[in-house]
Amino acid sequence: MYYDGSRTEPTLRAWGLCKSFGTGEMRTEALRDVGIELYPGQFSLLMGPSGSGKSTLLAVLSGLLHPDSGRVLAHDQDLWAMTERQREEFRLRHCGFIFQGYNLFPALTARQQLEMVLRWGKGYSASEARRRADQMLSTLGLAKKGDLRPMQLSGGEKQRVAIGRALIKDPTFLFADEPTAALDWKHGEQVVELLRAAAHDAGATILVVAHDARMVPYADRVFHLDDGVLAEGVERPMAMFADSRDVAAFGAI
Amino acid sequence: MSYAISTLWHERARFFPGVLAVAFSALLIALQCGLLLGLFSITSIPIDESDADIWVAHPEVPSVDLGRPIPEAWASYLAMPEVVRVEPYMEGFGYWDKPTGGMELCLVIGSRLGPGAMGPVRQLTAEHRALLAQPGAIVVDEAEMGRLGISKVGDYTEIVGKQVRVVGTVRGLRSLAGPYVFCSLETARSILRPPPDQTTFLLVRCRSKEDIPTVVERLKKYDRKLMAMAAEDFSVRSRWHWLTKTKAGIALGLAAILGLMVGAVVTYQTLRSATVASLKEYAVLRALGIPRRHVIGLVVGQSFWVGLAGIAISIPLIHSLAIVGNIGAKVLLPWWLWTAAISITMTVAMLSGLLALRTLRHVEPVTLLR
């Protein structure tokens, strides 16, 4: 199933977002009156130079960092009007995160890293968590790596486990910060494909912070943030950049 | 297998110092206290190695070796159906004239020796008892012979001017203060010269062990100037007196506390560094909305397993060191000491874990976004 974002209501709306750091002369404005709408089933890319405020915007939209002003409505709920506990519950129910570092527990196997989220987050039984973790690992092409620990996995495999950890609880939002930064393009491309599939197949709303232009052809929408000001780039760049393989993959569009 | 155990096993090099620290603490507490108990159990040997159910004494007697004269006529209080036997027991310190020159303070203990007598220590054989019936016959511990300046059985010497003869030796009855000198009631009287009709203790045997509390209670009511205690209670009273009076207990106790503190600090540092090393992973879980209690449970779980592993290592160590210790000294490890050592070290390990939890305050998912 392919979700066509343009025909549905946005799952995440934000407007008037401002955020600054420091005081006096050291004060920097990371976000200046930023507004954005994100739709389900869309893989959106947030680009911009270093220090442009990309990660800050991701943190504010995902409920991790309080903005100075502005509102964020996720599933029509005002994220920043919630209590800390409510926000945590919202993240538990709806959000997945992928960070630059893999941040996997060194002592736990790939399977345990995923199981942990289901058992602790969703209260699944050990056997059910294991079944789902194995299912996810096989989707990620890691079916035979379930018993390996991070040290025994390559960078690409580790990032795929991290993606699995973000996706295993079927989030409606997936926020990723430079998920391909530590990977060569071959592995980076796999990661991008997985994220795009999560949007298109599962209908998740995906926002990825990146500065690698090679990701642009895979994105449904591209946003540029420069000096705290957001602008939307070309919509559906797929149509312009896609190679024959991509076109085949999207034959159903 | 829980995530805490997985982590502990796969990062065992990291957790090892904490495990060792817990083991060290448990070892120190158990052995220090065991040595202390062993040391002071010596003071109650006359009670523990004899056969009386109840000891009747002067109310101000703090310990079995510090007896004071009481009227032998108190025996009349004991004319009750629950009591089957009463006998006097003489005891007191006297100067031993060393044949090699000099004096040594010794503790003279005189009791009845006949069949069914309660006073003699178990180490005195039938042969000893027969020999002790002779006036002036005494038995000492063979390890004390050098201290007493005698070289063999049959040697003569004087105690407070009264001639005595060593007719035999026993083993394992060395004393903390003056050496024990075992003899008959008559020999003890002739050495110690108590006032007429006085004794140091009255030993009581009851019809059955169940009668002991009844008899003790009744005796207390008869005469407030009289102290009657079950043998076990008098034994504890004697040990406790020396434990507190000599301050040795305090010194060893402080050493144990010091060990515990070292253990606590190392365990805390170990758990803290392990927690700090995983702060980013915990931050991811927080970002995913995993309730904080699970992460807390993981850290506390780690401290529990560190504590348990440390205790598991310490148990065979304590056993073997106690065996080694028993060669030159006496180490007593009653069940309650095991329980106390294990619970205290476990509590300290858990507290270290709770302290390490403070580092979790630094877990902020937003720090993962650079």
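Residues numbered from 1 in each chain as written. Chains lettered and ligands numbered in written order. Predicted model: local features only at pLDDT ≥ 70, side-chain atom pairs only at ≥ 80, totals over all residues. Heavy atoms only, no water.

Draft legend 1. Region of the structure containing the overall build of chain A. Along the backbone of chain A there are eight helices and ten strands. For chain A, buried positions account for 57% of its 253 residues. Sequence-distant contacts in chain A: of pairs separated by 6 or more residues, those separated by 24 or more amount to 70%. Total accessible area on chain A stands at roughly 11,000 Å², and carbon and sulfur atoms take up 50% of it. (Helix = DSSP H or I, 4+ residues; strand = E, 2+ residues; numbered from the N terminus. Buried < 20%, exposed > 50% of the residue type's maximum accessible area, 1.4 Å probe, protein only. Contact = heavy atoms within 4.5 Å. Areas by Shrake-Rupley, 256 points an atom, 1.4 Å probe, with all protein chains shown as cover.)

Draft legend 2. Structural detail: the overall build of chain B. Helix and strand counts for chain B come out as twelve helices and eleven strands. Against the 2.2 N^0.38 benchmark of 21 Å for 370 residues, chain B shows a C-alpha radius of gyration of 29 Å, more extended than a compact globule. Projected onto its principal axes, the C-alpha positions of chain B cover 95 × 50 × 30 Å. Per-residue burial over chain B gives 51% buried out of 370 residues. Taking the contacts inside chain B whose residues are at least 6 apart along the sequence as the reference set, 81% of them involve residues at least 24 apart. (Rg over C-alpha atoms; globule rule 2.2 N^0.38 Å.)

Draft legend 3. Geometry of the sheet that holds strand 2 (residues 28-38) of chain A. All names here are of chain A. Ordered in space as 2-1-4-5, the four strands form an open sheet in which the pairing is antiparallel. This sheet does not close on itself; its edge strands, each paired only once, are strand 2 and strand 5 (77-78). Sheet topology places strand 1 (residues 12-21) next to strand 4 (residues 69-74); five bridges connect them, and they run antiparallel. Residue pairing across strands places tryptophan 15 opposite arginine 71, the latter belonging to strand 4. In the packing of helix 1 (residues 54-61) onto the sheet, the strands contacted are strand 1, strand 2 and strand 4, and the crossing angle to strand 1 comes to about 125°. (Pairing = 2+ DSSP bridges. Axes fitted to C-alpha atoms, helices over the stretch in contact; angles between N-to-C directions.)

Draft legend 4. Seen up close, the interface of chain B and chain A. On the chain A side, the residues contacting the 26 residues of chain B number 32 residues. Counting each side, the surface lost to burial between chain B and chain A is near 2,700 Å², with a carbon and sulfur contribution of 66%. Here chain B and chain A share one salt bridge between them. Here A:Glu88 and B:Arg286 are joined by a salt bridge, their closest N and O atoms 2.7 Å apart. Mapped onto the side of chain B that touches chain A, the elements with two or more residues apiece are helix 1 (3-10), helix 10 (279-287) and helix 11 (292-328) of chain B. Here the side of chain B that touches chain A takes seven residues from helix 10 of chain B, the largest share from any one element. Taken together, the residues of the side of chain B that touches chain A break down into 15 nonpolar, six polar and five charged. (Buried area = accessible area lost by both parts, 1.4 Å probe. Salt bridge = Lys/Arg side-chain N within 4 Å of Asp/Glu carboxyl O. Nonpolar A, V, L, I, M, F, W, Y, C, P; charged D, E, K, R; others polar.)

Draft legend 5. Spatial organisation of the nonpolar core. Ranked by size, the top nonpolar core spans 97 residues in total, and within it A:Phe43, A:Leu45 and A:Leu61 carry the most contacts. No other element matches helix 6 (residues 185-202) of chain A, which puts seven residues into this core. In this structure, B:Ile45, B:Leu124, B:Val170 and B:Leu203 belong to the second largest nonpolar core, which totals 29 residues. (Core = buried A, V, L, I, M, F, W, Y, C linked by side-chain atoms within 4.5 Å.)

Draft legend 6. Region of the structure containing helix 1 of chain B. Listing the buried residues of helix 1 of chain B in full gives B:Tyr3, B:Ala4, B:Ser6, B:Thr7 and B:Leu8. Summarising the contacts, the buried residues of helix 1 of chain B are in contact with helix 3 (110-122) of chain A together with helix 2 (12-41) and helix 11 of chain B.

Draft legend 7. Region of interest: empty space enclosed by the protein. Scanning the entire structure with this criterion turns up four cavities of 30 Å³ or more. What the largest cavity holds in volume is close to 40 Å³. Lining the largest cavity we find A:Phe105, A:Pro106, A:Ala107, A:Leu108, B:Thr7, B:Glu11, B:Ser278, B:Tyr282, B:Leu298 and B:Gln302. Of the residues contributing to the lining of the largest cavity, the split by class is six nonpolar, three polar and one charged. (1 Å grid on protein atoms, 1.4 Å probe; cavity = no way out; pocket = protein on both sides within 12 Å on 5 of 7 lines; lining within 4 Å. Points joined across faces, edges and corners; volume = space filled by probe spheres on them.)

Draft legend 8. Local environment of the packing of aromatic side chains. Evaluation of the coordinates by the stated rule reveals 14 aromatic pairs over all chains. An aromatic cluster of three or more residues is present, and its members are A:Phe90, A:Phe97, A:Phe99, A:Phe173 and A:Phe175. The positively charged end of B:Arg12 is found above the aromatic ring belonging to B:Trp9, 4.1 Å away from the centroid. (Phe/Tyr/Trp six-rings, centres within 6.5 Å; stacked < 30°, edge-to-face > 60°. Lys NZ or Arg CZ within 6 Å of the ring centre and 35° of its normal.)

Draft legend 9. Representation of the domain arrangement of chain B in the model. Segmentation of chain B into domains returns domain 1 (3-41 + 247-368) and domain 2 (59-225). Once you take the C-alpha centre of each, domain 1 of chain B and domain 2 of chain B turn out to be 48 Å apart. (Domains from an automatic or database assignment.)

Draft legend 10. Summary view of the pairing of strand 3 (residues 43-47) of chain A. Residues and elements named next belong to chain A. With five of five residues buried, strand 3 lies mostly within the body of the structure. Residues of strand 3 alternate between two faces, with Phe43, Leu45 and Met47 on one and Ser44 and Leu46 on the opposite face, all of them buried. Bridge analysis of strand 3 against strand 8 (residues 205-209) gives four bridges, and the strand direction is parallel. Across the sheet, phenylalanine 43 pairs through a bridge with isoleucine 206, a residue of strand 8.

Draft legend 11. Broad picture of the side chain of A:Arg87. Residue and element names in this part refer to chain A. Assignment of secondary structure puts arginine 87 in helix 2 (residues 84-94). At 3.1 Å, the side chain of arginine 87 forms a polar contact with the backbone oxygen of methionine 82. Those residues within four positions of arginine 87 in sequence are excluded, and the remaining contacts are Gly63, Leu79, Trp80 and Met82. (Polar contact = N/O pair within 3.5 Å; in protein donor to acceptor, adjacent residues only side chain to side chain.)

Draft legend 12. Looking closely at the pattern of salt bridges. Residue and element names in this part refer to chain A. For the structure shown, the criterion picks out 29 salt bridges over all chains. When the shortest N-O distance is used, the salt bridge between aspartate 147 and arginine 111 registers 2.7 Å. Separated by 36 residues along the polypeptide, aspartate 147 in the loop between helix 4 (126-139) and helix 5 (155-167) and arginine 111 in helix 3 bring together distant segments of the chain. What makes aspartate 147 exposed here is its relative accessible area of 52%. Judged by relative accessible area, arginine 111 falls into the buried class, the value being 8%. Through salt bridges with shared partners, a single network forms among Arg111, Asp134 and Asp147.

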